[in-house]
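Per-entry structural report
What follows is each chain in one-letter form.
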Amino acid sequence: MFFVVYAKDKPNMVQTRIDVRPVHRDYVTRLDLPVRRLMGGPLCEDDSETMFGTFLFLEGPDRAAVEDFVANDPYVKAGIFDSIEITAVHKDIGKTAAKLR
């Protein structure tokens, strides 16, 4: 299953984000976990430099595994996020579009 994670930072978390980033990056690229990061990066203002959150596109066996993966992210453990949304994504647009007709 595929999931999008959209997490927004609490105010004044830029330095904490910078400090924790190496450990976060190591975590989300691990290959020994049941959840795999397919894509991701910091959410930024239009200046492409001011970070305010995190976007992850994940593949995992189910929502519970993804929720566990997110809960153990060093950014979450550091208390960076104000909000976290986890949304399932259907991987086959053709089948989904057919159901909408």
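Residues numbered from 1 in each chain as written. Predicted model: local features only at pLDDT ≥ 70, side-chain atom pairs only at ≥ 80, totals over all residues. Heavy atoms only, no water.

Within the fold, Thr54 resides in strand E3 (residues 51–59). Considered as a pair, Thr54 and Phe81 are 27 residues apart in the sequence and their alpha carbons are 8.9 Å apart. With residues up to four places along the chain from it excluded, the contact list for Thr54 reads Val5, Tyr6, Ala7, Arg17, Gly41, Pro42, Leu43, Tyr75 and Phe81. For Thr54, the side chain forms a polar contact with the side chain of Arg17, separated by 3.0 Å. (Helix = DSSP H or I, 4+ residues; strand = E, 2+ residues; numbered from the N terminus. Contact = heavy atoms within 4.5 Å. Polar contact = N/O pair within 3.5 Å; in protein donor to acceptor, adjacent residues only side chain to side chain.)

All right, on to empty space enclosed by the protein then. Counting across every chain of the model gives 1 cavity of 30 Å³ or more. Space inside the largest cavity adds up to approximately 30 Å³. Around the largest cavity sit Val5, Ala7, Thr54, Leu56, Val70, Asp73, Val76 and Phe81, which together line it. Mapped onto the lining of the largest cavity, the elements with two or more residues apiece are strand E1 (2–9) and E3. (1 Å grid on protein atoms, 1.4 Å probe; cavity = no way out; pocket = protein on both sides within 12 Å on 5 of 7 lines; lining within 4 Å. Points joined across faces, edges and corners; volume = space filled by probe spheres on them.)

A separate point is the nonpolar core. Within the largest apolar cluster, 12 residues are counted, these being Phe3, Val5, Tyr27, Val28, Val35, Leu56, Leu58, Ala65, Val66, Phe69, Val70 and Ile86. Among the elements of the structure, E1, helix H1 (14–28), E3 and helix H2 (63–71) are those that each provide at least two residues to this core. Ranked by residues supplied to this core, first place goes to H2 with 4 residues. Excluding its chain neighbours within four sequence positions, the residues that come into contact with Val35 are Leu58, Glu59, Gly60, Ala65, Val66 and Phe69. (Core = buried A, V, L, I, M, F, W, Y, C linked by side-chain atoms within 4.5 Å. Buried < 20%, exposed > 50% of the residue type's maximum accessible area, 1.4 Å probe, protein only.)

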